[in-house]
Amino acid sequence: MSNRTGQVKLDPEVIADAALTLLDEVGLDGLTMRKVAAALNVQAPALYWHVANKRELLDVMARSVFVSAVADVEAPRRGEDWRDWLIALAGRLRRAMLGYRDGAKVLAGTYISDESMWRTVELTLRTLEDAGFSRRRAARVFPILLHYTVGFVIEEQARTGGEYGDRDPYRPERLAELVDAQRFPLTAHLVSEVFVGDTDAEFADGLRVILAGIHAVGIEPAD
């Protein structure tokens, strides 16, 4: 939104949107307050009324990504398995982060204070309690899933970022040369599955392994 002079009216959301747009061009390492200000056609000091430094800039960017990921999330439908619901929730966040260059790095270590975060946590805890988890155990699940999801996407984006150019070691034809399939057939299969396989399936499989472990130790009362 602009004022009568045509200048953008600044607030944290406007700044976050501009920074996320710029992120696709310069990446996280190249993102600066000065560049964001230039994209908004203002002087850098004008940003500091709303975000004090790059750390706070990343916080408002992370909030924007997270809010878009969980928009309209509702409790599990009648008969819906709690694990399927959690996998779908994590998948929403993964897709939102993949929408931006270095999107997962933006979320890593950031502080998101927003009603959408608390609502999502509340729905997750309620879903887990309904599945039989104690309140104490349920409280540990959300961070585990969040950290796995962010970490997975950081690795995923590192593989597909394109910084290597023609020397990209993750290209399928290059990967096929890494491992002697006759001497190390299982390792060769792993490389083909992990690096050139279906990343959607890989992500969901990892979540199912985590949730199976959580289920195995989580319903019984803590020692």
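Residues numbered from 1 in each chain as written. Predicted model: local features only at pLDDT ≥ 70, side-chain atom pairs only at ≥ 80, totals over all residues. Heavy atoms only, no water.

Identification of the protein chain as TetR family transcriptional regulator from Nocardia bhagyanarayanae is taken from an unreviewed UniProt entry.

Participant: Can you lay out helix 7 (residues 115–130) for me, pointing to particular residues and giving the numbers?
Facilitator: The end-to-end C-alpha distance of helix 7, which contains 16 residues, comes to 22 Å, matching closely the 22 Å that a straight helix rising 1.5 Å per residue would cover. Listed in full, the buried residues belonging to helix 7 are Ser116, Met117, Thr120, Val121, Leu123, Thr124, Thr127 and Leu128. Projected onto a plane normal to the axis of helix 7, the buried residues spread over an arc of 160 degrees and lie on a single side. Opposite its buried face, helix 7 presents the exposed residues Glu115 and Asp130, each directed more than 90 degrees away. Looking at the buried side of helix 7, the elements it contacts are helix 4 (54–70), helix 5 (82–98) and helix 8 (135–160). (Helix = DSSP H or I, 4+ residues; strand = E, 2+ residues; numbered from the N terminus. Expected span 1.5 Å × (residues − 1). Buried < 20%, exposed > 50% of the residue type's maximum accessible area, 1.4 Å probe, protein only. Arc of directions from axis to C-beta. Contact = heavy atoms within 4.5 Å.)

Participant: I'd like a rundown of unusual backbone geometry, residues and numbers included.
Facilitator: Generally, phi is negative for residues other than glycine and the peptide bonds are trans, each holding for most cases. In the Ramachandran plot, Asn41 falls in the positive-phi region, its phi being about 60 degrees despite a non-glycine side chain. Within the secondary structure, Asn41 sits in the loop between helix 2 (33–39) and helix 3 (44–47). Asn41 sits in the exposed class, given a relative accessible area of 66%. Residue Asp72 is not a glycine yet carries a positive backbone phi of 70 degrees. Relative to the helices and strands, Asp72 resides in the loop between helix 4 and helix 5.

Participant: Could you give me a rundown of the packing of helix 4 against helix 5, with the residues and numbers involved?
Facilitator: At their nearest, the axes of helix 4 and helix 5 sit 8 Å apart, and the two run at 135 degrees to each other. On the basis of the axis angle, helix 4 is oblique to helix 5. For the crossing formed where helix 4 meets helix 5, the hand is right-handed. Between helix 4, through Val65, Phe66, Ser68, Ala69 and Val70, and helix 5, the contact on the second element is made entirely by Leu89, Arg92, Leu93, Ala96 and Met97. Of the residues in the contact of helix 4 with helix 5, the class split is eight nonpolar, one polar and one charged. (Axes fitted to C-alpha atoms, helices over the stretch in contact; angles between N-to-C directions. Parallel < 35°, antiparallel > 145°, perpendicular 65-115°, else oblique. Left-handed = near helix turned anticlockwise from the far one by under 90°. Nonpolar A, V, L, I, M, F, W, Y, C, P; charged D, E, K, R; others polar.)

Participant: Hey, could you go over the environment of Asp29 for me, with residue numbers and the actual values?
Facilitator: Note on placement: Asp29 falls in helix 1 (residues 12–30). By relative accessible area, Asp29 is classed as exposed at 78%. With 73 residues separating them in the primary sequence, Asp29 and Asp102 have C-alpha atoms 9.2 Å apart.

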